[in-house]
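Chain and residue survey
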Amino acid sequence: MSESNSNVACTADQNGAVLGEPVKMDKNSRRGNWGNQIEFILTSVGYAVGLGNVWRFPYLCYRNGGGAFMFPYFIMLVFCGIPLFFLELSFGQFASQGCLGVWRISPMFKGVGYGMMVVSTYIGIYYNVVICIAFYYFFSSMTNLLPWTYCNNPWNTASCNGVVTPKGINSTLANATRSLVTGAAQAAVEVVNKTKRTSPSEEYWKHYVLNISDDIGNFGDVRLPILGCLAVSWVVVFLCLIRGVKSSGKVVYFTATFPYVVLTILFIRGITLEGAVTGIKYYLTPQWHKILDAKVWGDAASQIFYSLGCAWGGLITMASYNKFHNNCYRDSIIISITNCATSVYAGFVIFSILGFMAHHLNVDVSEVADHGPGLAFVAYPEALTLLPISPLWSLLFFFMLILLGLGTQFCLLETLVTAIVDEIGTDWIMKNKTVVTGGVAVVGFLLGVPLTTQAGIYWLLLMDNYAASFSLVIISCIMCICIMYVYGHKKYFKDVEMMLGFPPPIFFRVCWRFVSPIIISFILIFTVIQYKPITYNDYVYPGWSLAIGFAMALSSVICIPIYALYKIAKSEGNTFLERLKKSCRPDIKWGPALSEDRIGRYAAPGSEADVEVRPLKEELKEKEEEKRDEISLSIQGSNGSTAHNTTPSA
C-alpha cells in the first residue's frame with residue numbers, strides 16, 4: 001500500500017472527513033453509496049424526526065413539569081441517545097451491511113437482526129396508515145370551508161358543540177335543523193354539553209373519517225376513501241425508493257427540509273394569536289418539584305430512545321451505505337441534536353395554537369391539550385377552524401405530517417429491502433432490487449388493509465403500544481452486550497479507530513460499556529412498572545386483544561433465543577461449550593466490505609496491506625490477544641489485560 005493511501009486510512013482532517021475521501025467515488029458498486037454526505041444526514045434526520053416529535057413530545061413536556069422536563073430530557077440525550085445513535089451508525093458503516101449482515105460480528109446473535117426486521121415490519125404497516133389518514137385530511141382541506149368546522153353535517157350528533165358559530169341565515173337554518181333533530185331530548189343534551197363538549201372535529205374523525213365500530217373485533221366495512229389513500233401512500237413510498245438510496249437520497253432534500261418551513265410558518269402565525277403566550281407558558285413553565293419524580297425521568301429516557309429510532313434497524317441500514325471512512329461520530333451528534341431541537345420547536349407551534357383555542361373557549365389549556373391521533377386529527381384541526389383562511393393552514397399542517405411520516409417510512413421500507421437483498425446476496429437480486437422493493441410495498445399494503453376498516457383505529461393503537469415497546473429496549477440492550485462484551489470492547493474500539501482515523505472519545509467508551517446499558521435497563525424496568533392496559537377514550541380493550549398485543553411484542557424478541565439455539569446446534573464441536581464458543585466468534589467475512597479497506601488484522605494473510613500497514617511485532621501481539629479472546633469466549637471485563645492496554649477500565 002502506498003504512503004498516501006495509508007494516510008487516507010488513518011488521518012482525519014479538521015472538518016471530520018478523512019483526507020482524500022472526495023477522491024473516492026461510489027466504490028461499492030454492488031450495493032451503492034449515498035451520492036454525498038448531505039443525503040445521508042438528511043435521510044437520517046427525516047428518519048429520526050417523525051410524527052412523535054409533533055404529537056408526543058409537547059404533550060409529555062407539559063405533563064411532566066414543562067421546562068423542568070427539559071433537564072432530564074437532555075441528560076438522557078447526552079448519556080443514552082447520542083451514544084446509542086453513534087454505536088448503531090458505526091456498526092452499520094464498518095460492515096457496510098444491513099441489520100442482518102452486521103451480525104457476522106457474532107453469528108449467534110443474528111436473531112437480534114431478525115427482531116429488528118419484525119419491529120420495522122410492524123411499524124411500517126401502521127405508520128403508513130397514519131400517513132394515509134393525513135393524506136385524507138390533506139385532500140379534504142382542498143375546499144373553501146373545512147368539513148369539521150360546523151355541527152350541521154349529516155354525521156353530527158345532537159351533542160355536537162362547535163367553536164365556530166354559523167353566520168347569518170346559515171345560523172338560523174342550523175338552529176332550526178338542530179331543534180327538529182333534538183326535540184324532546186334537548187334538556188338531556190344541555191346536560192351533556194355542560195359536562196363534556198363534543199367538537200365537530202371529533203365527530204368528523206369518529207363518525208365520518210373512521211366511522212368507528214363499537215369493538216375491536218367488529219371490523220365492519222373497509223373505509224374505501226382511507227383504502228385509496230393507503231394505496232397512494234404506498235405508491236409514493238415505492239416511487240421514492242425505486243432506485244434505493246440513489247432516489248430516496250434526492251427526495252429527502254425536500255421531505256426532510258420542508259417540514260421546517262411549515263413549522264416556521266405555523267409558529268409565526270401561532271404567536272401572533274391572542275392567548276398564544278398563555279399556551280407557550282403552559283408548555284414551558286418549570287415545575288421543579290417534578291424532577292424528583294421517577295416517572296418524569298422514565299418518560300424522558302423513553303422519549304429519547306424511541307424518538308431517535310434506536311433498535312429499529314434503520315440507523316444500521318442507512319449507515320451501511322456510507323463510505324467506509326465517513327465521520328459518523330460527527331453525524332450522530334448533528335442528527336441527534338437536530339431531532340431533539342425539532343421536538344422542542346414543535347412544542348411552540350402546537351401550544352401557541354392550543355393556547356389561542358383555550359382563550360377562545362375560555363377554558364384551561366389542559367382541557368384542549370392532547371397527544372397522538374387525538375392531537376393531529378382532532379384538537380389541532382379544530383383550532384385551525386378559528387383562523388382566517390383556515391383551509392390554507394390545514395393544508396400546510398397535514399402536508400407537514402405527510403412529509404414527517406414519509407421520512408420515517410422511507411427508512412423502514414429500506415431496512416427490510418436491504419436486509420433481504422444483503423441476505424440473499426446474488427447478482428440477480430442485487431440488480432433487481434426494485435422488484436424486492438415493490439414486493440415488500442405490496443405486502444405492506446395488503447397487511448395494512450385491516451387497519452382501514454371501521455375497527456382499524458383500535459388495531460392501529462394496539463400495534464403502536466405493543467409492537468414497538470419493551471421489545472425495542474431488549475433488542476438494544478442485547479446489541480450493546482454483544483458488541484461490548486461478547487465481541488469485545490477493545491476490538492470494537494480498534495475497529496472504529498481504523499474506520500474514523502481516531503478512537504471513540506473516552507466518554508462514548510464509558511457510555512457504551514456501562515452507562516447506556518444501565519439506562520436501557522432502567523427504561524425496561526420503568527416500562528414494566530408503569531404498564532397499564534391500553535384504552536381508547538372510554539373503550540377498554542378486551543383481554544384477547546391484549547394477548548395479541550403481547551404476542552406481537554414477543555414475536556420480535558423471541559427471534560433472539562430461537563436463532564441462537566439454531567446457530568449453536570449447527571455449529572461444529574463435540575460439546576455444547578465448543579459449539580457455543582464457535583457460534584460467538586466473528587464470521588470470517590466480518591469486517592470492512594471492500595478489500596482496500598480490509599487492513600491490519602482484516603487483511604488477507606500475505607497481502608500488501610497486511611505487510612505494509614502493520615509491523616510484525618504488532619501483528620503477533622494482536623494474534624496473541626485474539627487467541628486469548630477466543631479461549632475466554634471473547635468476553636472481556638475490566639480485569640482483562642493486554643500487552644498495551646490503553647483503554648481505561650472505567
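Residues numbered from 1 in each chain as written. Predicted model: local features only at pLDDT ≥ 70, side-chain atom pairs only at ≥ 80, totals over all residues. Heavy atoms only, no water.

Labelled according to an unreviewed UniProt entry, the protein chain appears under the name Transporter, originating from Esox lucius. Its UniProt record, at the heading Subcellular location (unreviewed entry), says of the protein chain: "Membrane". In the Sequence similarities (unreviewed entry) part of its UniProt record, the protein chain is described as follows: "Belongs to the sodium:neurotransmitter symporter (SNF) (TC 2.A.22) family." (UniProt positions renumbered as here; feature names shortened; annotations may be inferred.)

It is worth spelling out helix α11 (residues 245-255) at this point. Those residues of α11 not exposed but buried are Val245, Ser247, Ser248, Gly249, Val252 and Thr255. Packing partners of the buried residues in α11 comprise α2 (37-48), α10 (224-240), α12 (258-271) and α18 (390-424). (Buried < 20%, exposed > 50% of the residue type's maximum accessible area, 1.4 Å probe, protein only. Helix = DSSP H or I, 4+ residues; strand = E, 2+ residues; numbered from the N terminus. Contact = heavy atoms within 4.5 Å.)

Residues Phe139, Met142 and Val232 make up a contiguous nonpolar surface patch of roughly 270 Å² in combined accessible area. Residue position: Val232 is located in helix α10. (Patch = residues over 30% accessible without salt bridge, like charges linked within 9 Å, V, L, I, M, F, W, Y side chains within 5 Å. Areas by Shrake-Rupley, 256 points an atom, 1.4 Å probe, with all protein chains shown as cover. Salt bridge = Lys/Arg side-chain N within 4 Å of Asp/Glu carboxyl O.)

Turning to the UniProt feature "binding site: Na(+) 1" (unreviewed entry) in the protein chain, a few remarks are in order. Using the residue numbers shown here, the UniProt feature "binding site: Na(+) 1" (unreviewed entry) corresponds to Gly46, Ala48, Asn53, Ser307, Asn339 and Leu404. With the annotated positions falling across 359 residues, the maximum pairwise C-alpha distance of 12.5 Å places them together in a single cluster. By the secondary structure assignment, Gly46 is in helix α2. Not counting chain neighbours up to four residues away, the residues in contact with Gly46 comprise Ala256, Leu404, Gly407 and Thr408. Within the secondary structure, Asn339 is located in helix α16 (residues 328-361). For Asn339, a relative accessible area of 1% corresponds to the buried category. Apart from residues lying up to four places away in sequence, Asn339 is in contact with Ala48, Val49, Asn53, Ser307 and Leu308.

Let's shift gears to the nonpolar core. Phe91, Tyr137, Trp205, Phe377, Tyr492 and Tyr541 are the most contacted members of the largest nonpolar core, which totals 191 residues. For this core, the element with the highest residue contribution is helix α6 (residues 110-140), accounting for 19 residues. For Trp205, the contacting residues outside a window of four places in its chain are Ile133, Tyr137, Leu210, Pro373, Phe377, Val378, Ile457 and Tyr536. (Core = buried A, V, L, I, M, F, W, Y, C linked by side-chain atoms within 4.5 Å.)

It is worth spelling out helix α22 (residues 470-500) at this point. A rise of 1.5 Å per residue sets the reference length of α22, with its 31 residues, at 45 Å; its end C-alpha atoms lie only 33 Å apart and thus fall more than 12% short of the reference. The largest bend in α22 amounts to roughly 110 degrees and is located at Gly488. Most of α22 is tucked away, with 26 of its 31 residues classed as buried. Looking one or two residues beyond α22, the residue adopting positive phi is Gly501, at roughly 95 degrees. (Expected span 1.5 Å × (residues − 1). Bend = angle between axes of the 7 residues up to and from the residue.)

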